[in-house]
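# Notes for the structure review
The chain contents come next:
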Amino acid sequence: MSKKWAIKRITINLALDEAKKLEKYCGQTGRPATDVIRELIRGLPVTRVD
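Residues numbered from 1 in each chain as written. Predicted model: local features only at pLDDT ≥ 70, side-chain atom pairs only at ≥ 80, totals over all residues. Heavy atoms only, no water.

Along the backbone of the protein chain there are 2 helices and 0 strands. Relative to its full complement of 50 residues, the protein chain shows a buried share of 6%. Carbon and sulfur atoms form 56% of the exposed surface of the protein chain, whose accessible area is close to 5,400 Å². Placing the 11 positive and 6 negative side-chain charges of the protein chain at their respective mean positions leaves the two points 7 Å apart. (Helix = DSSP H or I, 4+ residues; strand = E, 2+ residues; numbered from the N terminus. Buried < 20%, exposed > 50% of the residue type's maximum accessible area, 1.4 Å probe, protein only. Areas by Shrake-Rupley, 256 points an atom, 1.4 Å probe, with all protein chains shown as cover. Lys, Arg positive; Asp, Glu negative; His and termini not counted. Charge placed at Lys NZ, Arg CZ, Asp CG, Glu CD.)

We now examine the pattern of salt bridges. Going through the model one piece at a time under the given rule, you end up with 2 salt bridges. Here R38 ties to D35 by a salt bridge, and the two come within 3.2 Å at their closest N and O atoms. Here R38 and its partner D35 are both found in helix α2 (residues 33–42), 3 residues apart, which amounts to about one turn of the helix. Given the relative accessible area of 29%, R38 is considered partly exposed. Relative accessible area serves as the criterion here: at 34%, D35 is assigned to the partly exposed category. (Salt bridge = Lys/Arg side-chain N within 4 Å of Asp/Glu carboxyl O.)

At a minimum axis distance of 9 Å, the contact between helix α1 (residues 16–29) and α2 shows a crossing angle of 105°. On the basis of their axis angle, the class for α1 and α2 is roughly perpendicular. Residues L22, Y25 and C26 of α1 form the contact with α2, whose participating residues are A33, V36 and I37. The class makeup of the residues in the contact of α1 with α2 is 6 nonpolar, no polar and no charged. (Axes fitted to C-alpha atoms, helices over the stretch in contact; angles between N-to-C directions. Parallel < 35°, antiparallel > 145°, perpendicular 65-115°, else oblique. Contact = heavy atoms within 4.5 Å. Nonpolar A, V, L, I, M, F, W, Y, C, P; charged D, E, K, R; others polar.)

Structural measurements only, silent on function.
Here it is in structure tokens:
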């Protein structure tokens, strides 16, 4: 069964050292940058305001 995602494409600007760090991490873990960034976003603490 495949997941259906509602997708919003974003573009981020990274400093050269940030991009290199992300690339190095991805190379070490074998994970794509998209997955790494998505996981970091999911881990952000968010206060729910209703």
